[in-house]
Amino acid sequence: MRPLAFKRYGQGPWKRVLLVAPKHPDNFWCLEGMVELMGARALVPNPALPTLMALTPPGLGVEYRLQDENVGPLALDTPCDLVAVTGNTLHAARVIELCRAFRARGVPVALGGTWASVHAERGRELADHLFLGEAELTWPRFLQDWAAGRAQAVYAQEGPVDLALSPAPDFSLQDPRHYVSMSVQASRGCNHRCDFCDVVTLFGRHRVKPVEQVLREVQAVHALGARSVFITDDNFIGHKEHARALLEAIIAWNTRQTRPLSFSTQLALEVADDEDLLQKLADARFSVLFMGLESVRAESLDEVQKGHNLRRDPRERLRRLNRHGLVPFLGLIVGFDHDDATVFDEIFAFMQTAAAPAAGVSLLAAPRGTPLHARLQAEGRLLADEFAGEWHHGTNVLPKQMSPAELAAGHRDLLRRLYAPEAFEARFAAWLGQIEELTDRYPRKKTDWPMLLRSGRLFRYFLTRAPADERGLFLRCLRLAWRKDKRLVKRAVTLLAQYHHFHAFARRG
Ligand code: B12
Ligand code: SF4
């Protein structure tokens with residue numbers, strides 16, 4: 001194993017910090033199947049650790065090494081004075097292993113991230129220095145305390161931090177070629193209060209970073225060689241005027257590039273009600289938009305405070321989005337109290353008429369810290385207090401109108417049906433059919449060889465290694481896209497690569 005590269009801040013002697021992002025298990029949203037086809041190693045880098053690097057106070061000598069276990073294996077004997085571990089609920093098992101392994105070697109552990117923030121008592125057992133919540137103020141304080149030999153056991157952020165104080169992550173220890181997209185965060189938090197979600201508990205109401213600051217981050221990842229950026233917001237349009245101003249700034253910059261960036265993000269379905277925002281998203285070169293529709297049953301949405309999603313017909317909203325060639329990616333959930341065994345057919349029928357090619361369906365789960373967790377605990381309907389963080393493999397919720405086995409089987413079957421080749425092809429064709437205009441703001445684009453290389457790998461897979469049904473689907477979808485407008489071919493290839501992952505994931509069971 002090659003020793004990890006390091007980056008030094010300040011003057012020596014340097015304290016050595018090893019930053020670790022844990023390996024995630026097989027997961028629907030991490031798109032391992034697509035990542036592999038694209039010759040990358042992970043979808044996006046977790047920006048938490050590069051943000052810690054950028055937070056190092058001037059004058060302190062710190063030498064950082066960074067390992068994202070999703071990119072390469074971690075050598076536990078990497079020389080260091082401290083290991084700093086991040087992770088969310090999905091990573092809990094690996095976070096625990098890492099903390100124990102490093103402490104067994106006598107290396108003190110700093111632990112932060114969303115899992116540790118929600119499970120403070122576990123975190124205290126596992127780490128020498130536990131960070132609760134955002135670290136923009138606490139990490140610099142810790143480094144100073146540590147240098148002075150008085151580091152505390154717990155650093156807790158009280159209240160939300162001002163995002164203008166969150167520096168651009170220092171990605172210098174990460175290679176953009178290892179990732180499908182690089183990450184940039186424009187906002188945190190959300191003004192909605194869906195009761196299965198811990199975003200509000202963790203990050204509070206929607207807060208934004210100044211537009212110029214986000215633009216500088218976008219320019220920085222572009223300079224590193226990124227071709228695609230995932231804006232890692234909970235709801236990109238939480239403040240519509242901020243989103244509008246940011247999009248205008250991105251358009252003004254991106255249209256001047258000979259290798260413009262493409263973008264994707266997460267946002268609320270309400271975006272479809274604002275034609276100007278849709279046009280700007282298209283003009284800024286956004287493609288995939290992740291949106292939590294959650295359910296097609298009004299009662300189920302009302303039950304979890306998300307009734308706003310069905311205030312307008314979602315099919316009509318999707319049509320408005322599709323008009324611009326944007327790609328809706330829907331998040332759906334099954335297992336609400338108002339879901340009985342007919343909900344699976346209802347969702348399938350909706351999807352096949354909604355012109356949205358891709359959707360993820362998860363089981364309703366109640367992570368600790370959510371209002372749902374508190375409600376179900378009071379009703380005695382939690383199968384487990386802890387939740388393993390694998391929304392597609394299990395849940396800690398005892399469903400009301402189905403047995404757990406019926407829910408699991410219905411969910412698995414629904415995913416399989418959605419990702420059967422003919423079902424996907426019908427949705428893909430319907431999406432293409434609704435496209436009416438594509439932005440014409442990027443006429444000066446140069447041939448992008450790294451992107452072509454990635455596409456070449458995908459083509460090689462679909463044409464030479466893919467099973468016959470997948471190859472047939474690939475060729476038919478590509479022909480459809482080419483006929484519609486050859487600028488849509490790249491988007492079609494990305495969607496087919498996603499299909500490859502979801503189809504395989506659904507079959508694995
Ligand atoms: C972008 C995103 C994604 C992307 C990319 C994930 C990735 N690899 O980065 C995608 C869409 C792929 C994704 C997938 C999933 N995600 Co996600 N995601 C986010 C989102 C919106 C932003 C993450 C981000 O970039 N944050 C920016 C960084 C700077 O913030 P941060 O990580 O919180 O770090 C700060 C502090 O926590 C702290 N910190 C963090 N680590 C450490 C470590 C140390 C030592 C210290 C001192 C401090 C510290 O310092 C940082 C600066 O303040 C968050 C919500 C949010 N607002 O953060 C959800 C979120 C992290 N995701 C979540 C979930 C559940 C998932 C999935 C499990 C979903 C699923 N159903 O399968 C998967 C798991 C994928 C994975 N491998 O992580 C949950 C986690 C909940 C929890 N309690 O742990 C969140 C909080 C959203 C939510 N509530 O639903 N996700
Ligand atoms: S599910 Fe989405 S809209 Fe609802 S509170 Fe969470 S981030 Fe906000």
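Scroll up to find the structure this text is about.
Keep in mind that what you see is a predicted model, and the values were worked out from it rather than measured. (Residues numbered from 1 in each chain as written. Chains lettered and ligands numbered in written order. Predicted model: local features only at pLDDT ≥ 70, side-chain atom pairs only at ≥ 80, totals over all residues. Heavy atoms only, no water.)

### Quick word on the sheet that holds strand S12 (residues 262-266)
Inclusion rule: Here the rule is simple: two strands pair whenever DSSP picks up at least two bridges between them. To qualify as a helix, a DSSP run of H or I must reach at least 4 residues; to qualify as a strand, a run of E must reach at least 2; elements of each kind are numbered from the N terminus. The convention used is that axes are lines fitted to C-alpha atoms, helices contributing only their stretch in contact, and that angles between N-to-C directions extend from 0 to 180 degrees.
Strand order in the open sheet formed by 6 strands is S8-S11-S12-S13-S14-S15, and the pairing between neighbours is parallel. Of all strands in the sheet, those with a lone pairing partner are strand S8 (182-184) and strand S15 (358-363), marking the two edges. The mean inter-strand angle of the sheet, taken between neighbouring strand axes irrespective of direction, is 20°. The pairing of strand S14 (residues 327-334) with S15 spans 6 bridges and is classified as parallel. Following the sheet pairing, Ile 333 is matched in S15 by Ser 362.

### Some details on the nonpolar core
Applicable threshold: Throughout, nonpolar core names a set of buried Ala, Val, Leu, Ile, Met, Phe, Trp, Tyr and Cys residues whose side chains join them through atoms within 4.5 Å. When accessible area is computed with a 1.4 Å probe and restricted to protein chains, residues below 20% of their type maximum are described as buried, those above 50% as exposed, and intermediate ones as partly exposed. Note: domain ranges come from an automatic or database domain assignment. Throughout, a contact is declared for two residues whenever any of their heavy atoms are within 4.5 Å.
Core analysis: the largest hydrophobic core is formed by 103 residues, its most contacted members being Phe 236, Leu 281, Phe 286 and Leu 330. No other element matches helix H19 (residues 489-508), which puts 10 residues into this core. Lining this core are residues from two domains, each supplying at least three of them: domain 1 (6-156) and domain 2 (449-508). Those residues in contact with Phe 286 that sit more than four places away from it in its chain are Ile 231, Phe 236, Leu 247, Phe 263, Ser 264, Thr 265, Leu 281, Leu 326 and Arg 491. Counting 23 residues, the second largest nonpolar core, distinct from the first, contains Ala 84, Ala 135, Trp 139 and Phe 142.

### Focus on the site of ligand 1
Filter applied, for reference: Near, as used in this document, describes a residue that has one of its heavy atoms within 4 Å of the molecule or strand being considered. For this analysis, a polar contact is any N or O atom pair within 3.5 Å, provided that within protein one partner can donate a hydrogen and the other can accept it, and provided that sequence-adjacent residues contribute only side-chain to side-chain pairs. Gly is put with the polar residues, along with every residue not named as nonpolar or charged; the nonpolar set is Ala, Val, Leu, Ile, Met, Phe, Trp, Tyr, Cys and Pro, and the charged set is Asp, Glu, Lys and Arg.
Residues in contact with ligand 1 amount to 43 residues; listed here are only the nearest, Thr 86, Thr 89, Glu 136, Asp 198 and Asp 234. Contact between ligand 1 and Asn 27: an oxygen atom at 3.1 Å from a side-chain N or O atom of the residue. Asp 198 is positioned such that a nitrogen or oxygen atom in its side chain is 2.4 Å from a nitrogen atom of ligand 1. Going through the elements one at a time, helix H2 (48-54), strand S4 (82-85), helix H4 (114-118) and helix H7 (199-203) are the ones with two or more residues in the shell around ligand 1. Looking at side-chain class alone, the shell around ligand 1 contains 21 nonpolar, 16 polar and 6 charged residues.

### Brief notes about the packing of aromatic side chains
The condition that has to hold: When the centres of two rings from Phe, Tyr and Trp lie within 6.5 Å, Trp using its six-membered ring, the rings pair. Their planes under 30 degrees apart give stacked, over 60 give edge-to-face, and anything left gives tilted. By definition here, charges over rings are those cases where NZ of Lys or CZ of Arg is within 6 Å of the ring centre and within 35 degrees of the ring normal.
This model, assessed by the stated rule, comprises 26 aromatic pairs. Between Tyr 419 and Tyr 499, the ring centres sit 6.5 Å apart and the planes meet at 45°, which makes this aromatic pair tilted. Here Tyr 419, found in the loop between helix H15 (404-418) and helix H16 (421-434), pairs with Tyr 499, found in helix H19; they are 80 residues apart in sequence, far enough to count as distant. Judged on exposure class, the residue Tyr 419 and its partner Tyr 499 are both buried. Aromatic rings pair up to connect Phe 28, Trp 29, Phe 230, Phe 290, Phe 329, Tyr 419, Phe 424, Phe 428, Trp 431, Tyr 499, Phe 502 and Phe 505 into one cluster. The ring of Trp 146 has Lys 15 sitting right over it, with the charged end atom 4.4 Å from the ring centre. Above the face of the Tyr 442 ring, Arg 285 is positioned so that its terminal group lies 5.4 Å from the ring centre.

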